Amino acid sequence: MREERPRLVLPGWIALLCALLCGAAIAVIVGRFRYLQRWVDLPEPAPAPLICLGVVLLFAVTGLMGNRAGFAVVLSRWGRYRGTVRRSGLVWVNPLLKRHRVDVRLRHFRGDSIAAVDRVGHPVVVSLLFVWRVKDTARATFAVSDHEEFLREQAAATVCEVAATLPCDRFGAPGPTLRDGKWFGEEMTRALVSEMAPLGLEIYSVQQLSLGYDTEIAENIRRLQRAELNAELRSTVISDAVDVAWAALEQIKAKEGADEQQPPGQDPTFLRLLVLSLLTPSANLKEWGSQWPDQQSSSK
């Protein structure tokens, strides 16, 4: 596939001026003949000059083209690439060339609900925002029939490829996941850049908008997430209760002047009872009360 090359064009005002001159010349020749024929018997004007002027007028008018800023026109003849016009405004090109208008502005599209499967086999649904533009108009026009549709299909395939490298969640286990939107976007951008380069498309960025599980397993995953949160909460509460119990034990020993050379086993038993009282005070109040005198007498 040939790369894009610029096509030389004429300013539109030159072709417009030429068309006006040819039209005026034809009008003068025909009008002058009809005017003078009223008084003088004149021969018919030669058709050759009129035909030449008519052909030039037709070429000048049909070759005029208005090109908007942000668009390019790809020219071809009999299926062969003839160049690209990126100049905006009124220009003149060969009217025998076929024109393909291509949008070269920076564009984006949103890929909603792209289905994929993560590394552990859970079906996920991803929403992404793609920012791209056409860099090479020749490749984008002739490499595929529709470069926009091709980009959408390739983006969906790349999502499946990237999503299969990591799990969506690890449920308490350390490690990277697909929830890292920055990593996911960078991997998608890197993969799409290499895939779209032969088509003349430039990928600026891919941003992750949302990531979730498919509705078939969403409820089961929510149960796992709630179980993980409950386990983390229990671990935090128990750790805090142990810290409070240790602090309380140290204060009791300091206030009562407890002997540091106590028989082994008394401090752990006291600490266990105190932790249980902090976690479930109503259920362990009777046990705490029965053990407290023994602990207090042993500390004297």
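Residues numbered from 1 in each chain as written. Predicted model: local features only at pLDDT ≥ 70, side-chain atom pairs only at ≥ 80, totals over all residues. Heavy atoms only, no water.

Lay out the overall build of the protein with the relevant residues and their values.
When its secondary structure is counted, the protein shows eight helices and nine strands. The buried share of the protein, reckoned over its 300 residues, is 31%. (Helix = DSSP H or I, 4+ residues; strand = E, 2+ residues; numbered from the N terminus. Buried < 20%, exposed > 50% of the residue type's maximum accessible area, 1.4 Å probe, protein only.)

I'd like a description of helix 4 (residues 147–163), backed by residues and values.
Helix length check: helix 4 (17 residues) gives 24 Å between terminal C-alpha atoms against 24 Å at 1.5 Å per residue, within 8%. Elements that come into contact with the buried residues of helix 4 comprise strand 7 (107–117), strand 8 (123–134), helix 3 (137–142), helix 5 (181–196) and strand 9 (201–213). (Expected span 1.5 Å × (residues − 1). Contact = heavy atoms within 4.5 Å.)

For the side chain of Asp103, give the residues involved together with the corresponding values.
Position of Asp103 relative to the elements: it lies in strand 6 (residues 98–103). Polar contacts involving the side chain of Asp103 include one to the side chain of Arg105, which spans 2.9 Å. Contacts of Asp103, omitting those with residues within four sequence positions, involve Gly70, Phe71 and Val134. (Polar contact = N/O pair within 3.5 Å; in protein donor to acceptor, adjacent residues only side chain to side chain.)

Help me get a handle on the pattern of salt bridges, residues and values and all.
Taken as a whole and judged by the stated rule, the model has nine salt bridges. Arg105 is the partner of Asp103 in a salt bridge, and the nearest nitrogen-oxygen pair spans 2.9 Å. Between Arg110 and Asp112 there is a salt bridge, with its nearest N and O atoms 2.7 Å apart. Because the salt bridges share partners, they merge into one network encompassing Asp103, Arg105, Arg107 and Glu148. (Salt bridge = Lys/Arg side-chain N within 4 Å of Asp/Glu carboxyl O.)

Give me the lowdown on the packing of aromatic side chains, citing residues and values where you can.
Under the criterion given, the structure shown has three aromatic pairs. Between Phe109 and Phe130 the ring centres are 4.7 Å apart and the planes differ by 15°, which places this aromatic pair in the stacked class. Placement of Phe109 in strand 7 and of Phe130 in strand 8 is noted, with a sequence separation of 21 residues between them. Residues Phe109 and Phe130 agree in their burial class; the two are buried. Consider the rings of Trp183 and Phe184, whose centres lie 6.5 Å apart with planes at 70°: the pair is edge-to-face. Taking relative accessible area as the criterion, Trp183 reaches 25% and is therefore assigned partly exposed. You can call Phe184 buried: its relative accessible area is 0%. The aromatic ring of Phe109 is capped on one face by Arg152, whose charged end is 4.4 Å from the ring centroid. (Phe/Tyr/Trp six-rings, centres within 6.5 Å; stacked < 30°, edge-to-face > 60°. Lys NZ or Arg CZ within 6 Å of the ring centre and 35° of its normal.)

Residues and numbers for the nonpolar core, please.
Generally speaking, a soluble globular protein has its nonpolar side chains buried in company with each other. Grouped together as the largest cluster of nonpolar side chains are 35 residues, with contacts concentrated most on Leu128, Phe130, Val159, Phe184, Met188 and Leu201. Elements represented by at least two residues in this core include exactly strand 3 (71–77), strand 7, strand 8, helix 3, helix 4, helix 5 and strand 9. Excluding residues that lie within four positions of it along the chain, Leu128 makes contacts with Phe109, Arg110, Gly111, Val159, Phe184, Met188, Val206, Gln207, Gln208 and Leu209. (Core = buried A, V, L, I, M, F, W, Y, C linked by side-chain atoms within 4.5 Å.)

Structural measurements only, silent on function.
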